[in-house]
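# Coordinates in review
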Amino acid sequence: MPDHTEQSAALFDRASAVTPGGVNSPVRAFRAVGGVPRFMASGDRCHITDVDGNRYLDLVCSWGPMLLGHAHPEVTAAVQAAVSRGTSYGTPTATEVLLGEEIVARTPVDKVRLVSSGTEATMSALRLARGFTGRAKIVKFAGCYHGHVDALLAQAGSGVITLGIPGTPGVTAATTADTIVLPYNDQAAVTAAFAEHGDQIAAVITEASPGNMGVVPPRDDFNAFLARTCRDNGALFISDEVMTGFRITRSGWYGVDGVRPDLMTFGKVMGGGFPAAAFGGRADVMAHLAPEGSVYQAGTLSGNPVATAAGLTTLRLATDEVYARLDETSATIQRLVGTALDKEGVPHVIQAAGNLFSVFFVESSEGPAEIRDFAGANAQVLPRFAAFFHAMLEAGVYLPPSAFEAWFVSAAIDDDALAELESALALAARAAAAIQH
Ligand SMILES: *Cc1c(COP(=O)(O)O)cnc(C)c1O
């Protein structure tokens, strides 16, 4: 396919004049892979089309939300009906109750509070944990991303790694003084941190199964270990399921390992492509939230009627059959990627957490068989990923423009799309193999 990018390039110039880096979220930039970000004009099922008319098989899915694919007719109809009734009242509405009930039915949380972004959810969950315990310190893991909450930006994943931003300028030392950052999957480090600060730690927050340094699943019952350690020390265990929630199973990663957190955070899929997120958990903890309790949290557009209509319709359509299909599609894609890279002798490790997976372009096939943490994820041959990414893009497949991100599948991917993908992979594997290291 000829790679016409004139319209995207023109928009990128204009965008760069009015917004830093030309994008409204850093992960959309092509800084790590080079080139001009594609400006999308439309989406239909598993494809997206840019302003130059190039059509791509979409393996980003808006970074997770588009579980059912783009412009699903029932979601579109629900949104249109909601919009025609007015878009916001600043009062309670019925749809937010239905969405709250759906979340409570699918997950172990007793009560839930709706917010507008994953960042807001994790920020509020931390405040609540601190208010509930009366303690200040929090533990997070290197390579986990929990949104751009000041206290959680230390050694964060997602765009923070992609862009190689070392520290967190603008975040004061005082803000992160209470953040303890530990290596992921490292039980000894957690035990040591609790031995030193146990009576000051309000919460441990972790991605339920990390996907923001590439997919690095918990090993050796890490979540159960964290839950137990928190309980023994009077701290809360916060499981961030913004990425995994309602994507991996009906509930999320919870449906895989069954470890019950004190608080959970959700976003992405539950908004059905609109800004909606949530945090929830134990009734006694949630009771500390205003107006029932004194920990303040609020939002003008929280539980917005259009966003909740999109989210509710998406969740109702996300049945067990849909999750089975997502698992199958993901497994097929992982197999196709592995076969294509093996054929060209490109060293790689593919890791999955349910239907989420990512491909690590490791240095040699003698290297580690698995990636367990941030240090492992960082030891990749980035130019090889960049070559692979651009070959895929030119062949009509849109991947995350970063070697540190999960690939997202949708239930709209069909056999034709998989055939498209297979031929793109053959070209991209060859392009990656051509990069000398
Ligand atoms: C995306 C993400 C967030 C942040 O959500 P936003 O809606 O982008 O603020 C938080 N935690 C995890 C695990 C995420 O993947």
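Scope of this entry: the structure provided in the associated data block. (Residues numbered from 1 in each chain as written. Predicted model: local features only at pLDDT ≥ 70, side-chain atom pairs only at ≥ 80, totals over all residues. Heavy atoms only, no water.)

Before going further, it helps to spend a moment on the sheet that holds strand β13 (residues 397–398). On the basis of which strands lie adjacent, the open sheet formed by 4 strands has the order β1-β2-β3-β13 and mixed pairing. Looking along the sheet, the strands with just one partner apiece sit at the ends: β1 (40–44) and β13. Sheet topology note: the strand β2 (residues 47–50)/strand β3 (residues 55–58) ladder contains 3 bridges and is antiparallel. By the bridge assignment for β3, His47 is matched with Leu57. Packed onto the sheet, helix α15 (residues 415–433) meets β2, β3 and β13 and runs at close to 100° relative to β3. (Pairing = 2+ DSSP bridges. Helix = DSSP H or I, 4+ residues; strand = E, 2+ residues; numbered from the N terminus. Contact = heavy atoms within 4.5 Å. Axes fitted to C-alpha atoms, helices over the stretch in contact; angles between N-to-C directions.)

Here we come to the site of the ligand. Near the ligand the following residues occur: Ser117, Gly118, Thr119, Tyr145, His146, Gly147, Glu207, Asn212, Asp240, Val242, Met243 and Lys268. In this structure, an oxygen atom belonging to the ligand sits 2.8 Å away from a main-chain N or O atom of Gly118. One nitrogen or oxygen atom from the side chain of Asn212 is found 3.1 Å from an oxygen atom belonging to the ligand. Within the complex, 83% of the 380 Å² of free accessible area of the ligand lies under protein. Partitioning the shell around the ligand into residue classes produces 3 nonpolar, 6 polar and 3 charged. (Near = heavy atom within 4 Å. Polar contact = N/O pair within 3.5 Å; in protein donor to acceptor, adjacent residues only side chain to side chain. Areas by Shrake-Rupley, 256 points an atom, 1.4 Å probe, with all protein chains shown as cover. Nonpolar A, V, L, I, M, F, W, Y, C, P; charged D, E, K, R; others polar.)

Secondary-structure assignment places Gly396 in the loop between α14 (382–394) and β13. Note: C-alpha distance between Gly396 and His47 (349 residues apart in sequence) is 9.4 Å.

All chains considered together, the criterion is met by 12 aromatic pairs. Ring centres of Tyr56 and Tyr398 lie 6.0 Å apart, and the angle between their planes is 65°; this geometry places the pair in the edge-to-face category. With Tyr56 in strand β3 and Tyr398 in strand β13, this pair connects stretches of sequence that are 342 residues apart. Here Tyr56 and Tyr398 have matching classes, each one buried. Through a chain of ring-to-ring contacts, three or more aromatic side chains come together here, namely Phe30, Phe357, Phe361, Phe385, Phe388, Phe389 and Trp407. (Phe/Tyr/Trp six-rings, centres within 6.5 Å; stacked < 30°, edge-to-face > 60°. Buried < 20%, exposed > 50% of the residue type's maximum accessible area, 1.4 Å probe, protein only.)

Between its terminal C-alpha atoms helix α3 (residues 94–106) stretches 19 Å, which fits the 18 Å expected from 13 residues at 1.5 Å a residue. For α3, the full list of buried residues reads Thr95, Leu99, Gly100, Glu102, Ile103 and Arg106. Looking straight down α3, one finds its buried side chains confined to an arc of 160°; they lie on one side. Seen from the open side of α3, the exposed residues pointing more than 90 degrees away from its buried face are Ala94 and Ala105. (Expected span 1.5 Å × (residues − 1). Arc of directions from axis to C-beta.)

In this section: the sheet that holds strand β4 (residues 111–115). Taken in spatial order, the 7 strands line up as β4-β10-β9-β8-β7-β5-β6 in an open sheet, and their pairing is mixed. The open sheet terminates on both sides in strands that have one partner only, identified here as β4 and β6 (179–182). The mean angle between the axes of side-by-side strands here comes to 20°, regardless of whether they run parallel or antiparallel. Pairing between strand β8 (residues 236–240) and strand β9 (residues 263–266): 3 bridges, direction parallel. Considered in β9, the bridge of Ser239 is made with Met264.

Glancing now at unusual backbone geometry. With an omega dihedral of 5°, the bond running from Ala290 to Pro291 counts as a cis peptide bond. By the element assignment, Pro291 lies in the loop between α10 (283–286) and α11 (305–317). Phi at Ala71 takes a positive value of approximately 50°, unusual for a residue other than glycine. Within the fold, Ala71 resides in the loop between β3 and α2 (73–84). Located in the positive-phi region is Phe246, a residue other than glycine, with phi close to 65°. In this structure, Phe246 sits in the loop between β8 and α9 (254–257).

Before going further, it helps to spend a moment on the pattern of salt bridges. With the rule as written, the count across this model stands at 9 salt bridges. We note a salt bridge from Arg219 to Glu370, for which the minimum N-O separation is 2.8 Å. Pair noted here: Arg219 is in the loop between β7 (201–207) and α8 (222–233) and Glu370 is in the loop between β12 (356–360) and α13 (374–378), with a separation of 151 residues, a long-range link. Residue classification places Arg219 among the partly exposed positions, given a relative accessible area of 24%. The closest approach of N and O atoms between Arg430 and Glu344, which form a salt bridge, is 3.6 Å. Taken as a pair, Arg430 in helix α15 and Glu344 in the loop between α12 (320–343) and β11 (349–353) lie far apart in primary sequence, 86 residues in all. (Salt bridge = Lys/Arg side-chain N within 4 Å of Asp/Glu carboxyl O.)

Nothing here speaks to function; it is all geometry.
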